[in-house]
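Next come the chains, spelled out residue by residue.
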Amino acid sequence: MVKENFEISVINNEKLATSKCFLHNISLVKFMKKIISIIIATYNAEKTLERCLSSIVAQKKDQLELLIIDGCSTDRTMDIVRNFADSIDVVVSQTDKGIYDAWNKGIRLATGKWIMFLGADDYLLVDSMDVYWSYLTNHILEGVDIITAQCQLIDDKGEYLRILGNPYNIKEFRRYMKISHGSTLHNRKLFDELGDFNLSFKICADYEFLLRKKLNAGYIETPTIAMQVGGVSNTIRGLWESFKVKRYCKSIPLLLNVYYLIKGSIGYYMRKMRIIN
């Protein structure tokens, strides 16, 4: 088997002293291309990263690639990463323009046929990778763009709230994003076809990316990750950017878009007041 050399240079000490960031590849030689690549973008994620990485390492096989793309964290994030060094394939730590810039970098470094983006405050459920392996083994994958699954929504104390993640349906998807993106496998050919995430969107660039074409999607009716509530996408800012994405993509008529913005805003404040879950 031909080895694929893959080196990331280390910033010299003088530059490191001023920039306080570095590039590092934990394994300098990639022996084989992987089947699934999990990309985790981090920035000051010390509170939850260990939980996230532990859930992956417990299920990691040779066909699974793990990449950490850090934005020059100033807390203990990189110390935690070093503790898992034997199980991480690629680590990059350098200033970036946000999570989607980090994801774009990760895509270029990943070798997997399928790419997954997991939040640093989320984690894989027990045996979830076996669920993905089973699906990939037992289904025809030719022409499939994404494979979505469900997720468990948890609060900041780790308590279960509810299940999220509908099957992909283009008519529903043009109105709002009901799939669970964190538990979705993306065919890497999709990025060759559609390009990178659009950095002009800071919260909903994943939604804009998936609105660029009608997707051929598979579905796993099983929760595979736990996703912690409280992300910026679940705020008024997130609702506003979702509105802008749908307007940018012309996915639905303007008046209908305004209706969903108002409806979502009312729902947000009702949840804040604990009138609804």
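As the structure is a prediction and not an experimental result, all values here were calculated from the model.

All right, on to the layout of surface pockets then. Its volume calculated, the second largest pocket comes out at about 250 Å³. Ranked by the residues each element gives to the lining of the second largest pocket, the list is headed by helix α7 (residues 188–194), at four residues. Its residues assigned to classes, the lining of the second largest pocket shows four nonpolar, two polar and six charged.

Looking at where Thr77 falls in the secondary structure, it is placed in helix α3 (residues 77–83). Owing to a relative accessible area of 0%, Thr77 belongs among the buried residues under this scheme. A polar atom in the side chain of Thr77 sits 2.7 Å from the backbone nitrogen of Ala45. Once residues within four sequence positions are removed from consideration, Thr77 is found in contact with Thr42, Asn44, Ala45, Glu46, Leu49 and Asp70.

Turning to the pairing of strand β7 (residues 114–117), a few remarks are in order. Side-chain alternation along β7 places Trp114 and Met116 on one buried face and Ile115 and Phe117 on a second face that is also buried. In the sheet, strand β4 (residues 36–42) pairs with β7 via four bridges, with the strands oriented parallel. When the bridges of β7 are listed, Ile38 appears paired with Met116. Strand direction decides the pairing type here: β7 and strand β11 (residues 180–187), joined by two bridges, are antiparallel. What sits directly across from Ile115, in β11, is His186.

Counting residues in hydrophobic clusters, the biggest one holds 34 residues, and the most contacted among them are Ile36, Ile38, Ile40, Leu53, Ile56 and Leu118. Secondary structure elements with two or more residues in this core: β4, α2 (49–57), β5 (64–70), α3, β7, α5 (128–138), β9 (146–154) and β12 (217–228). A per-element tally of this core places α5 first, with five residues. Residues Val92, Ile115, Leu194 and Val245 belong to the second largest nonpolar core, which totals 33 residues.

The next point concerns the environment of Asn104. One can find Asn104 in helix α4 (residues 99–109). Exposure remark for Asn104: the relative accessible area of 3% places this residue in the buried category. Residues Asn104 and Phe191 lie 87 residues apart in sequence; the distance between their C-alpha atoms is 9.5 Å. Excluding anything up to four places from it in sequence, Asn104 contacts Asp196, Phe197 and Leu199.

Here is what the cut-offs are and how they apply
Residues numbered from 1 in each chain as written. Predicted model: local features only at pLDDT ≥ 70, side-chain atom pairs only at ≥ 80, totals over all residues. Heavy atoms only, no water. 1 Å grid on protein atoms, 1.4 Å probe; cavity = no way out; pocket = protein on both sides within 12 Å on 5 of 7 lines; lining within 4 Å. Points joined across faces, edges and corners; volume = space filled by probe spheres on them. Helix = DSSP H or I, 4+ residues; strand = E, 2+ residues; numbered from the N terminus. Nonpolar A, V, L, I, M, F, W, Y, C, P; charged D, E, K, R; others polar. Buried < 20%, exposed > 50% of the residue type's maximum accessible area, 1.4 Å probe, protein only. Polar contact = N/O pair within 3.5 Å; in protein donor to acceptor, adjacent residues only side chain to side chain. Contact = heavy atoms within 4.5 Å. Pairing = 2+ DSSP bridges. Core = buried A, V, L, I, M, F, W, Y, C linked by side-chain atoms within 4.5 Å.

Honestly, that's just the spatial picture; any functional story needs more than this.
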